[in-house]
There are 4 protein chains.
Amino acid sequence: MLKIGIFGATGYTGAELVRILVRHSRIKISYLSSNQHVGKRFSDVFPAYSNILDIPCSEITTNVDIDVAFTALPHQEAYKVVKPLLDAGIKVIDLSADFRLKDYERYRSWYGEHPYFSLTEQAVYGLPELFRNQIKETKLVANPGCYPTSAILALYPLLKESVINNETIFIDSKSGVTGAGRGLSLKTHFCEVYGGFKAYNVTKHRHQPEIEEVLSSSGKNVTVLFTPHLLPIKRGILTTTYSKMKELVSEEDIFNIYRAYYGDEKFVRLFKDELPTIESVVGSNYCDIGFKIDIRTKTLVTISVIDNLTKGASGQAVQNMNIMCGFPEEEALFLPPIFP
Amino acid sequence: MLKIGIFGATGYTGAELVRILVRHSRIKISYLSSNQHVGKRFSDVFPAYSNILDIPCSEITTNVDIDVAFTALPHQEAYKVVKPLLDAGIKVIDLSADFRLKDYERYRSWYGEHPYFSLTEQAVYGLPELFRNQIKETKLVANPGCYPTSAILALYPLLKESVINNETIFIDSKSGVTGAGRGLSLKTHFCEVYGGFKAYNVTKHRHQPEIEEVLSSSGKNVTVLFTPHLLPIKRGILTTTYSKMKELVSEEDIFNIYRAYYGDEKFVRLFKDELPTIESVVGSNYCDIGFKIDIRTKTLVTISVIDNLTKGASGQAVQNMNIMCGFPEEEALFLPPIFP
Amino acid sequence: MLKIGIFGATGYTGAELVRILVRHSRIKISYLSSNQHVGKRFSDVFPAYSNILDIPCSEITTNVDIDVAFTALPHQEAYKVVKPLLDAGIKVIDLSADFRLKDYERYRSWYGEHPYFSLTEQAVYGLPELFRNQIKETKLVANPGCYPTSAILALYPLLKESVINNETIFIDSKSGVTGAGRGLSLKTHFCEVYGGFKAYNVTKHRHQPEIEEVLSSSGKNVTVLFTPHLLPIKRGILTTTYSKMKELVSEEDIFNIYRAYYGDEKFVRLFKDELPTIESVVGSNYCDIGFKIDIRTKTLVTISVIDNLTKGASGQAVQNMNIMCGFPEEEALFLPPIFP
Amino acid sequence: MLKIGIFGATGYTGAELVRILVRHSRIKISYLSSNQHVGKRFSDVFPAYSNILDIPCSEITTNVDIDVAFTALPHQEAYKVVKPLLDAGIKVIDLSADFRLKDYERYRSWYGEHPYFSLTEQAVYGLPELFRNQIKETKLVANPGCYPTSAILALYPLLKESVINNETIFIDSKSGVTGAGRGLSLKTHFCEVYGGFKAYNVTKHRHQPEIEEVLSSSGKNVTVLFTPHLLPIKRGILTTTYSKMKELVSEEDIFNIYRAYYGDEKFVRLFKDELPTIESVVGSNYCDIGFKIDIRTKTLVTISVIDNLTKGASGQAVQNMNIMCGFPEEEALFLPPIFP
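So, a few notes on the structure that sits alongside this text. (Residues numbered from 1 in each chain as written. Chains lettered and ligands numbered in written order. Predicted model: local features only at pLDDT ≥ 70, side-chain atom pairs only at ≥ 80, totals over all residues. Heavy atoms only, no water.)

1. Side note on helix 8 (residues 207-216) of chain B
Residue and element names in this part refer to chain B. The buried fraction of helix 8 is high, at nine of 10 residues. Listing the buried residues of helix 8 in full gives H207, Q208, P209, E210, I211, E212, E213, V214 and L215. Buried residues in helix 8 make contact with helix 4 (104-111), strand 5 (124-125), helix 5 (128-137), helix 6 (146-160), strand 7 (169-175) and strand 9 (224-230). (Buried < 20%, exposed > 50% of the residue type's maximum accessible area, 1.4 Å probe, protein only. Helix = DSSP H or I, 4+ residues; strand = E, 2+ residues; numbered from the N terminus. Contact = heavy atoms within 4.5 Å.)

So, in structure tokens, the structure goes:
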């Protein structure tokens, strides 16, 4: 049994890691950090987890006896912990943005200074469906952002196979409120959200450079315009993308391309005539992908959905751990969606 | 006091007409039709309206003593009633799609045959902010669709002033469930909607030709790709549009164009730095419009919001009646949003 | 035109006062206080009110030129303002709990010290359906709590007419989240509320003594057990009460008692066979009341519903102002519910 | 591997059985009936289950090769199937109400005639925490109703230990909409439910006799008044009960009684100072129980919560199957709640 530590255990992605990891047969959660709740039991912070995980939360320290660390801390906090953990020989899956970008100037302009940026050289972007082989070999996974997961899985094969234009892809995403975390804010106050809907950070969301950098690894220099919106629900992202096709091909052709990339994947489900919906992935680690061609405008529309806390964060993090540790990739991740 | 009839009074747009008209000082609701609820009082069908409107619902008949008719019937049903009403000298505001399109082939391919299509010649598209003068003169208003209202108000000035390209405008809309009406369907069953989100009718929604035809009246031949989504809320539409700018101008310039068109309008509110949100228009007749320029991709992003039942249907219908009848345009329509 | 001031204008009851008062034909809002937002326009704090109320918020001062004050401040803050306002000859409708209880020990044990408690002698409990005549004469109205409004209107006639036992009435209430105000708290964080439901302050909610004191003014010494719950919606209270009947009478008899008390009331609607629902009063100033008799257990079950921000707070406050100032009681309060 | 059949697989309890059973290591789902969807794959009816359960739905037939049957059919339909299944030696867990009541007159007056009522003699009420030993021995389990599960688990120990009076226990329950099933109805139409709340079937809900009969098996002749309400959420029941205490005992004493009954139970969690909430059990098989004593009125208030589809239906059904078949009781039921 590997010993697992979760840094930042009492945020929502921390709780979701717990929800998944308590079912894992080859690991044991042996350390939880939470600056806000030192000394409290995890189940005191989240009564939902009573009788499930009752161990106490500790202060942040990297002087712990663990084999694998999940760092679910804010960016600019994460790297402070990741460095000593790696130095101590501990495998790290970092859920922050600190090791996702490869270009320092880009990181700095969106997030700030980063004294350990050189570590990104060994970091692998943790999207198993695209980078599984590198994940197997690394000790540091940069777990993808939630929006990027939904957008990249839908677009990467289309770019790689030169189906769509790489200039100005429009990405219109809609996310549930858990994506904003557990910190208090008027923007996530119940009465300001329920029954409403809004766009935010239009033209300037931090996931835009992340999406562009990873999509550009397809070999094309990709430019996207990314617009996030806040759905009045807890979990789930639906991403609609619009790209001009290089030339008109059939929907059958597109489906075959997706199948070539994801046909064997356990956590990607392809939709042919129907379109995927958020309600069909809540609580699961699936990314469901569908699409339509608009012949008149020669546009390919893709629709992809994930649970932002699972495939968009903690589920994918566990998937990465399974790959890094040589466990079966599905271990603890067979999570049928909660429907209804 | 003018006498008003509502055809199809027990659907959601019918109920919204009642909510608004009972506050109108110059009219009296004297006839309600409802095939489903003949003989029942309106307040038996909608207990919310107890003590507010307790008159009974009748069968559909055009042999009624009224001055103005609101026809809130399904398309292909509406025209059957509109014809005899006009013949009887009654002013008609039709909330269906039957008189919105000017091109018969387009109508037929999206909706079916239409024996009275020639009436569309006298019909005016009821968007007062753009066609007020014609509305004043007509006896038949084709009340706009909900999605088109939100999209056209945002895009028309930009097209007319040649700010944006007329080819392939992407319109990504999100609507509350009242837009689907009161008819039962698994798609609008509570447990299939709550906590979820989905796209529907992608590339083939009937509001696409309506949007194109009206926008093309700006003088440009406009092509749009329209994608509607279903929000898990009752009321409200938020429409995000993406258009390539002909050349980069400042956000100040864009704001001034909007101000030139809508500065004096009572029911359009312009946002400069902030972006509009659905929660700020629920229950009101406002269309709020905001925008951002993405310099990198030379794209203009607009965000416009309405309450689909009010400015998107019944509120706009009353606004049209006020104009047709020479009443103050705001009469009964000063409806501050319900927030929170 | 009377000049109105709102103290604590940027909380939810403040905003609801604005929503209602902007439609009032005999007053003008001329002062808004908000410690948090001094200098900001009301519509900057609540974009929903853009173009509706754009005057700035000021610091709290009682040195203002107004005729009537609404004090929508926290208890223990309100009395500090009410005293000088009264001294200056200004009529006051206080939405806090500071002047609702007549017994000082009771006030002190639930809320704390109160240096101006003697003012409660002139304060009238602002439930117009029961205390209209006193409200006409007073300069200080203690506006009722939201839960008490729903419970007292349902129970008072039954107690006064000796239909039910005065010992141990069970009051099981369910309220939307706006009742908790606009202050940030994990308890009202969207993701902690949506899709959930909970009881709170069981056996120890501050509205229990208020309900008991007012109901006991019926002449019986009433004891209640009050249990509030938090509904995952924004607006509305539904209160279910259980009382043992002194002797079995018919539902017709009960209905007639209610009719004798409320038959002429504009803001109470009585339901005979059907039961009232929250969705039928949202946005309105109605209290809807229904009931059932359980013969087996000789119990009378009442169900009453209000919008907690309207009849449960700001609507009732305006109703009180109308009575105090000799305006028509319905002025600005004909607010058809938003349904759907 | 036992072979399992689900009758009525495409209702919500059917889908929930699938969600749970696909994780069960000792069984295989080999038959699904659905009159509405014969020939369709289960995952066509519920896209959420794509790649999870893709076998087709069949017509109802009892001529099937299965070892255990779950009958998730409407009452009065279920008994038609249960009889031949039992005759064929198949173990049956019936989720309908057809075998829950032991008194024929009571059954007839609430549900109608029942030609196979004599089978109820061998039926065991499937509440494992109270009747585990009988469940082990039977071939027919009458799976409890959702409301009764929440009420009985909270009240049974208190009655058995003579803590509370058995006359007139008030049970005020609030349930999510999945309890009403997947059938279409205006009452469960999204726009009629969202943002609202209502009581229904007051004094005459079918679960009242069920609760009374099972509680009376404690040895006391119990009378309850049961009031259900409809919460605008998908899953979860919170039940608040009010009972007069025979004599005042401490909260510590009450807690110890509960601990004596449920201390070793895997699916009951006891709360001491805090009160349980719906959001902490959604998706899980837990029943969480808490309580408060109101000394003034000598009343014991209990709060118990379950997920109505899991512990209130399909989870409990699987728990019963595990007991009947000698499997570990927790098999497939370690379902951490989805929180947030």
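2. Considering the side chain of D:Q208
All names here are of chain D. Among the secondary structure elements, Q208 is positioned in helix 8 (residues 207-216). When its relative accessible area of 3% is taken as the criterion, Q208 is described as buried. At 3.3 Å, the side chain of Q208 and the backbone nitrogen of F226 are in polar contact. (Polar contact = N/O pair within 3.5 Å; in protein donor to acceptor, adjacent residues only side chain to side chain.)

3. Quick look at the sheet that holds strand 11 (residues 268-270) of chain A
All names here are of chain A. Pairing in this open sheet of seven strands is mixed, and the strands run 8-9-7-10-13-12-11 from one edge to the other. Two strands bound the open sheet, and with one partner strand each, they are strand 8 (198-199) and strand 11. By the bridge criterion, three bridges tie strand 11 to strand 12 (residues 287-294) in an arrangement that is parallel. When the sheet's bridge partners are listed, V268 is paired in strand 12 with C287. Along the sheet face, helix 9 (residues 251-262) touches strand 11, strand 12 and strand 13 (299-306) and points at about 155° away from the line of strand 12. (Pairing = 2+ DSSP bridges. Axes fitted to C-alpha atoms, helices over the stretch in contact; angles between N-to-C directions.)

4. Some words on the relation of the copies chain D and chain B
Overlaying chain D on chain B yields an RMSD of 0.0 Å, the required transformation being a rotation through 180° with an accompanying axial translation of 0.0 Å. Such a turn and shift between the copies fits a two-fold axis. Closest to the rotation axis within chain D is the C-alpha of D:F190, separated from it by 2.0 Å. Of the interface residues in chain D, 100% have counterparts in chain B that sit at the interface too, so the contact is made through matching surfaces. (Least-squares fit on C-alpha atoms with pLDDT ≥ 70 in both.)

5. Examining helix 1 (residues 12-21) of chain B
Of all 10 residues that make up helix 1 of chain B, nine are buried, and the element is covered over most of its length. Listed in full, the buried residues belonging to helix 1 of chain B are B:Y12, B:G14, B:A15, B:E16, B:L17, B:V18, B:R19, B:I20 and B:L21. Looking at the packing, one finds that the buried side of helix 1 of chain B touches strand 1 (2-7), strand 2 (27-33), helix 2 (42-45), strand 3 (68-71) and helix 10 (310-325) of chain B together with helix 7 (190-193) of chain D.

6. Here's the deal with the interface of chain D and chain B
Taken together, the contact between chain D and chain B spans 19 residues of the former and 19 residues of the latter. Surface buried jointly by chain D and chain B totals about 1,900 Å² across both partners, of which 66% is contributed by carbon and sulfur atoms. For the pair chain D and chain B, the interface holds two salt bridges. As a salt-bridge pair, B:E192 and D:R182 come within 2.8 Å of each other at their nearest N and O atoms. Across the contact surface, chain D and chain B share 10 residue pairs in polar contact (both at pLDDT 80 or more). (Buried area = accessible area lost by both parts, 1.4 Å probe. Salt bridge = Lys/Arg side-chain N within 4 Å of Asp/Glu carboxyl O.)

7. Observations regarding the interface of chain B and chain A
Contact with chain B, which involves 44 residues of that partner, is made by 44 residues of chain A. For the pair chain B and chain A, the summed buried surface comes to about 3,600 Å²; carbon and sulfur atoms form 64% of the total. If you sort the residues of chain B by the area they bury against chain A, B:F170, B:F197 and B:Y242 come out on top, with a joint share of 17%. Between chain B and chain A we count six salt bridges in total. In this structure, B:E279 and A:K198 form a salt bridge, with 2.9 Å as the shortest nitrogen-oxygen distance. Connecting chain B to chain A are 22 residue pairs in polar contact (both at pLDDT 80 or more). If you list the elements that add at least two residues to the side of chain B that touches chain A, you get strand 7, helix 7 (190-193), strand 8 (198-199), helix 8, strand 9, strand 10 (237-244), strand 12 (287-294) and strand 13 (299-306) of chain B. The residue inventory of the side of chain B that touches chain A, partitioned by class, reads 21 nonpolar, 12 polar and 11 charged. (Nonpolar A, V, L, I, M, F, W, Y, C, P; charged D, E, K, R; others polar.)

8. Topic: the relation of the copies chain B and chain A
Between the two copies, chain B and chain A, the superposition gives an RMSD of 0.0 Å; the rotation angle is 180° and the shift along the axis is 0.0 Å. Mapped onto chain A, 100% of the interface residues of chain B again fall at the interface, so both copies present the same surface.

9. A short note on the nonpolar core
Counting residues in hydrophobic clusters, the biggest one holds 403 residues, and the most contacted among them are A:F70, A:M321, B:F70, B:M321, C:F70, C:M321 and D:F70. Aside from chain neighbours lying at most four places away, what touches A:M321 is A:I4, A:L21, A:H24, A:I27, A:V68, A:F70, A:I93 and A:F327. (Core = buried A, V, L, I, M, F, W, Y, C linked by side-chain atoms within 4.5 Å.)

10. Re a nonpolar patch on the surface
On the surface, A:L184, A:L186, C:L184 and C:L186 cluster together into a nonpolar patch covering about 310 Å² of accessible area. Turning to its location among the elements, C:L184 is positioned in the loop between strand 7 (169-175) and helix 7 (190-193). (Patch = residues over 30% accessible without salt bridge, like charges linked within 9 Å, V, L, I, M, F, W, Y side chains within 5 Å. Areas by Shrake-Rupley, 256 points an atom, 1.4 Å probe, with all protein chains shown as cover.)

11. With respect to the packing of aromatic side chains
Inspection of every chain in the model, using the stated rule, returns 78 aromatic pairs over all chains. The interplanar angle of 55° and the centroid separation of 5.1 Å between the aromatic rings of B:F7 and B:Y31 together place this pair among those described as tilted. Residue B:F7 is located in strand 1, and its partner B:Y31 is located in strand 2; the two are separated by 24 residues in the primary sequence. Comparing B:F7 with B:Y31, the two get one shared label, buried. Members of the aromatic cluster, each reached through a chain of ring pairs, are A:F190, A:Y194, B:F190, B:Y194, C:F190, C:Y194, D:F190 and D:Y194. The cationic tip of C:K272 hangs over the ring face of C:F255; the distance from NZ or CZ to the ring centre is 4.7 Å. (Phe/Tyr/Trp six-rings, centres within 6.5 Å; stacked < 30°, edge-to-face > 60°. Lys NZ or Arg CZ within 6 Å of the ring centre and 35° of its normal.)

12. Things to note about the pairing of strand 7 of chain C
Consecutive side chains along a regular strand alternate between the two faces of the sheet. All names here are of chain C. Across the seven residues of strand 7, seven count as buried, placing the element largely inside the fold. Direction of pairing for strand 7 relative to strand 9 (residues 224-230): parallel, over a ladder of seven bridges. Note on strand 9: the bridge partner recorded for I171 is F226. With six bridges connecting them, strand 7 and strand 10 (residues 237-244) associate as antiparallel partners. Residue pairing for strand 10: S173 is matched across the bridge by T239.

13. Regarding the sheet that holds strand 6 (residues 140-142) of chain A
Residues and elements named next belong to chain A. Spatially, the six strands line up as an open sheet ordered 2-1-3-4-6-5, and their pairing is parallel. What marks the edges here is a single partner per strand, and that holds for strand 2 (27-33) and strand 5 (124-125). Examined bridge by bridge, strand 1 (residues 2-7) and strand 2 share six bridges and lie parallel to one another. The residue bridging I6 from the neighbouring strand is L32, located in strand 2.

14. Looking at the environment of D:H205
All names here are of chain D. With respect to the helices and strands, H205 occurs in the loop between strand 8 (198-199) and helix 8. For the pair formed by H205 and L225, sequence separation is 20 residues and the distance between their alpha carbons is 9.7 Å. Apart from residues no more than four positions distant in its own chain, H205 is found in contact with W110, Y147, Y200, F226 and P228.

15. Some thoughts on the state of the cysteines
Tallied over the entire structure, the rule returns zero disulfides over all chains. Of all cysteine sulfurs, the one in D:C146 lies closest to B:C191, which takes part in no disulfide; the gap is 12 Å. Its relative accessible area of 0% is what places B:C191 among the buried residues. (Disulfide = S-S within 2.5 Å.)

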